[in-house]
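Observations on the model geometry
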Amino acid sequence: MMRSTPENGTTEGMDRMDRDRFPVDEWRLVEKKFSLDDVGVTETMFALGNGYLGLRGNHPEGRHAHEHGTFINGFHEVFPIRHAEQAYGFAEVGQTIINAPDAKVMRVYVDDEPLSFDLADVREYERVLDMRTGVLTRRLRWMTPSGKDVVIEADRMVSFEEKHLAIMRVTVTVLNADAPVTIACQLINRQDGEDVYGGKAPGGGKAGFDPRKAERISERVLQPQEYWQDGGRSALSYRVSASGMTLSLVADHLIETDNEYSARTSIEPDIAKNVFRVQAKAGVPITVTKLVSYHTSRGVPARELVDRGRRTLDRVEAEGVQEQYDRQAAWMAAFWERSDVVIGGHPDLQQATRWCLFQLAQAAARADGQGVPAKGVSGSGYSGHYFWDTEIYVLPFLIYSSPLWARNALRMRYLMLPAARKRAGQLNEAGALFPWRTINGEEASAYYAAGTAQYHINADVSFALGKYVRATGDDEFLYREGVDIAVETARLWSTLGFWRFNEDGAPEVFHIHGVTGPDEYTTVVNDNLFTNVMARYNLRFAARVVTEMAERAPEEYALMVERLGLGAEEAEGWDAAAEAMHIPYSEGLGIHPQDAVFLEREVWDLESTPPEQRPLLLHFHPLVIYRYQVLKQADVVLALYLQGNHFTDEEKLADFEYYDPLTTGDSTLSAVVQAILAAEVGYQDLALEYFSQSIFVDLGDLHHNAADGVHVASAGGVWTALVAGFGGMRDHWGELSFDPRLPADWPSLSFPLQWHGTSLHIEITKDALTVTAGAGDAVAFLVRGTGYEVAGGGSVTVPLDGQGPVLSGRPTLSDIGETLREDGTLLSASVPITTATTTIPVITGAVPIVDAAHREEHGNLGIDS
């Protein structure tokens, strides 16, 4: 089999960042030079959050921003979805996250001249996100037009301990002269109003089609309620026009200086100003600290939220500001102790890994029963919605590092069950159907083919529940609330699917038709492999849970039966459907088809598709894409990972080699899964390449949309790629196992895991795997099929004979070129060419598909001919 070979088979050369501007530092993200060219990306890179409250990395001057963003998880507006042609069951009410009032502005004037980066003579500049302390700092030295030498130091923190609290601080020192200095602090409602410089509210920027961006609402969203000032304290509060949610923002302003100063205040419904005018002496610093408290509710009056904000600030000031910074550092130390993944010998990858893990903390830590939005609280991309991303890509990290956060995320799904039951009824199904994208529990996807049709979200949620229970042993949650998720999701599969009977009238095969899998470039198909495999898991899991409950927890079982109206034969029916589930397989090609007709489609020649036509979703009508064998993201390959215990090594290799050349990677969710399977089947250099794409997807802005916010699921996938891909960790059947694939130029890889309350530390080198346990029960585990046990407080080292199979290069279209379809015809590849009037498929692969070497020797048959 011919395969192409990457230029470099090691980690070297995979760094995607400008290291002159962003030098390597294992614990900090440092920016040495300011640029206006990519402020949207750096706003995301330097964003702060705690899972509830998020502040984009805007500069305190309040100018030159891509998006002046302040986001609160779940704080949203609703609006009617207007379909060009309405049909029964279409989603009716959209939801979008609101840009909460901005408290970040702390503008500095010297001699009444403002610091403005487009004009200022900035002699020194450094911005640092310290991932050990959870604090963002910035230091710059500014030479004013009048010759004043000014040092401005700023820091910002969103507290993990105090969910509602953010702290901002600015220190100004004029080094070489006395000068009047003004520090103007503001609270601004940017959602509805223009700022003091006339900048448009978010959403009013560059136009252009991109379904991944947030919706724009032209009407006023935040209706002013109570607003006032009392000394250095300012308060704004609002009610959201249609959703009825409420918000309060209360801020205190504290000044420390030996200089003479005066304070001025003013307030309007959409802006509050606290201004300090200082007669600064040379070398005498001025420090202004802003303490900010945000509170939101689905219906509590705004005045009550203002009172809560006042209590938050009173408590913080009684404890002291420095105490909040000390607590933040202690919280971060505990987080890293249970979360840090260490890559030996590669500080650039180490820095990027820690940034990704820090983003997971910022997205999930204090979500506290809300979901984990696709962008966390770092931006408005995807409208602040929750997707299946949480369960498949984020929860594994939470489960094995901070199980309480995982439980909170699963409770969000439990609390959505009433709306999910209603949605299932609308679609004529039993049980519950979780929304494809949502904030409030109702389906918000206007495009059913790539939204509601992704029924697999039910199985994804159930799969995450099962993984959580296996890793934690939390039967209390399972029996009290989790079982409701398992039962109601299984009920949906039992009616969505159907039986085909043999000639004797006996049920023989269970099918699921009219669904969309994870690959959104192929929609509304029959027997999508991922969906069927995951539905099979869901059905078996639900049957097993209710059966075990009847035996082990009869009281909880009786309550569940009464609560859910569980029939005596339901569990047996789920097991029967699971056992008979149709799992597509092509004997001719020796692979698992993605769905019943996937292999009948023409092959899209990605190798001959020009870069300017990527991603495909922004350059081709969906109907064009749907006609081809082309994937937005891993679909079958994801099933091979999640349910790997149901596929042989040979099947995994054959499937990976077929689907990898067809996968565009247009979704950031794809590369992490491809990295895991590439490592498992032996394409270890390719696994590193995919891992590099994943780890730098935001830091390197590889998909050109990092400005919209952090790709949180990709960050979660980075952890999975490290632990499950290179670390080879699996938990099939509830058994902890390892089969490492340590990259050749990595001296070591180590990571912590939580398993049934016992803390484990795993270290992998080229010739050994060591498991060290903290206090707790003994833990049994497997290494390449052999069983071991580590006692609490003990350590076990297992010798390793190599790092698994090694295959060079990567699969290409030419690898499948001489293969016959089921109907006896040869596969061919083409690229649709879009002109002003038509789309024409241009054959780029002869029959059979030709490889790159053939094209070079005999001439290109494709779009360049």
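Scroll up for the structure.
Fair warning: this is a prediction, and the values are worked out from it, not measured in the lab.

1. Structural notes on the sheet that holds strand β19 (residues 271-280)
The antiparallel open sheet is built from 5 strands, whose spatial order is β8-β7-β13-β19-β18. Taken across any chain shown, the strands that pair with only one partner, and hence form the sheet edges, are β8 (113-114) and β18 (260-268).

2. Quick notes on the pairing of strand β33 (residues 795-799)
Going residue by residue along β33, you find Val 796 and Val 798 tucked away on one face and Ser 795, Thr 797 and Pro 799 left uncovered on the opposite face. Here 5 bridges tie strand β30 (residues 768-773) to β33, and the two strands are oriented antiparallel to one another. Within β33, the residue paired with Thr 772 across the bridge is Ser 795.

3. Quick word on the sheet that holds strand β21 (residues 342-343)
The strand order β21-β28-β29-β30-β33 describes an open sheet built from 5 strands, whose pairing is antiparallel. Of all strands in the sheet, those bounded by a partner on one side alone are β21 and β33. Pairing of strand β28 (residues 749-755) with strand β29 (residues 758-764) involves 7 bridges; the strand directions are antiparallel. Residue pairing in the sheet places Leu 753 in a bridge with Leu 760 of β29. Strands in contact with helix α18 (residues 712-726) are β21 and β28; relative to β28, the strand with the most contacts, it is inclined by about 95°.

4. Concerning the side chain of Glu 481
Residue position: Glu 481 is located in helix α9 (residues 475-496). Classification of Glu 481 by relative accessible area gives buried; the value is 5%. Side-chain polar atoms of Glu 481 contact the side chain of Arg 411, separated by 2.8 Å. If we ignore the near neighbours within four places in the chain, the residues touching Glu 481 are Arg 411 and Tyr 414.

5. Considering the packing of aromatic side chains
One pass over the full model with this rule turns up 35 aromatic pairs. Note on Phe 598 and Tyr 659: the rings are 5.9 Å apart at their centroids and 45° apart in plane angle, and the pair reads as tilted. Highlighted residues: Phe 598 in the loop between α12 (570-579) and β24 (602-604) and Tyr 659 in helix α15 (residues 649-659), separated in sequence by 61 residues. For the pair shown, Phe 598 and Tyr 659 are each scored as buried. In this structure, Arg 127 packs its charged tip against the face of Phe 46, placed 4.3 Å from the ring centre. A cation over an aromatic ring shows up here: Arg 354 above the ring of Trp 27, its NZ or CZ 3.7 Å from the ring centre.

6. Some words on α15
An α-helical turn contains 3.6 residues, so any two residues separated by three or four positions project in the same direction. Listing the buried residues of α15 in full gives Lys 652, Asp 655, Phe 656, Glu 657, Tyr 658 and Tyr 659. Buried residues belonging to α15 abut β25 (628-629), α14 (636-642), α16 (670-681) and α17 (684-695).

7. A few points about the packing of helix α6 (residues 403-415) against helix α8 (residues 456-472)
Two measures define how a pair of helices packs: the angle their axes make with one another and the distance between the axes. Direction vectors running N to C along α6 and α8 enclose 145°, while the axes themselves pass 11 Å from each other. Both α6 and α8 take part in a crossing whose hand is left-handed. For the pair α6 and α8, contact is made by Pro 403, Ala 406, Arg 407, Leu 410 and Arg 413 and by Ile 457, Val 461, Ala 464, Leu 465, Tyr 468 and Thr 472, respectively.

8. A look at the nonpolar core
Within the largest apolar cluster, 226 residues are counted, with the highest numbers of intra-cluster contacts made by Trp 388, Trp 574, Phe 691, Trp 746, Leu 753 and Leu 760. In terms of residue count, helix α10 (residues 529-552) provides more of this core than any other element does, 13 residues in total. Other than its neighbours up to four places away in sequence, Phe 691 contacts Ile 343, Leu 349, Thr 353, Ala 675, Val 718, Ala 721, Leu 722, Phe 726 and Trp 746. Leu 165, Ala 235, Val 306 and Val 321 belong to the second largest nonpolar core, which has 13 residues in total.

9. Points about the pattern of salt bridges
In total, this model carries 56 salt bridges according to the counting rule given. Residue Arg 730 pairs with Glu 680 through a salt bridge whose shortest N-O separation is 2.9 Å. Of the two residues, Arg 730 sits in strand β26 (residues 729-730) while Glu 680 sits in helix α16, which places them 50 residues apart along the sequence. Exposure class is identical for Arg 730 and Glu 680. Each is buried. Taken together, the shared-partner salt bridges connect Arg 407, Arg 411, Asp 474, Glu 476, Arg 480 and Glu 481 into one network.

Cut-off values and rules
- Residues numbered from 1 in each chain as written.
- Predicted model: local features only at pLDDT ≥ 70, side-chain atom pairs only at ≥ 80, totals over all residues.
- Heavy atoms only, no water.
- Pairing = 2+ DSSP bridges.
- Helix = DSSP H or I, 4+ residues; strand = E, 2+ residues; numbered from the N terminus.
- Buried < 20%, exposed > 50% of the residue type's maximum accessible area, 1.4 Å probe, protein only.
- Contact = heavy atoms within 4.5 Å.
- Axes fitted to C-alpha atoms, helices over the stretch in contact; angles between N-to-C directions.
- Polar contact = N/O pair within 3.5 Å; in protein donor to acceptor, adjacent residues only side chain to side chain.
- Phe/Tyr/Trp six-rings, centres within 6.5 Å; stacked < 30°, edge-to-face > 60°.
- Lys NZ or Arg CZ within 6 Å of the ring centre and 35° of its normal.
- Left-handed = near helix turned anticlockwise from the far one by under 90°.
- Core = buried A, V, L, I, M, F, W, Y, C linked by side-chain atoms within 4.5 Å.
- Salt bridge = Lys/Arg side-chain N within 4 Å of Asp/Glu carboxyl O.

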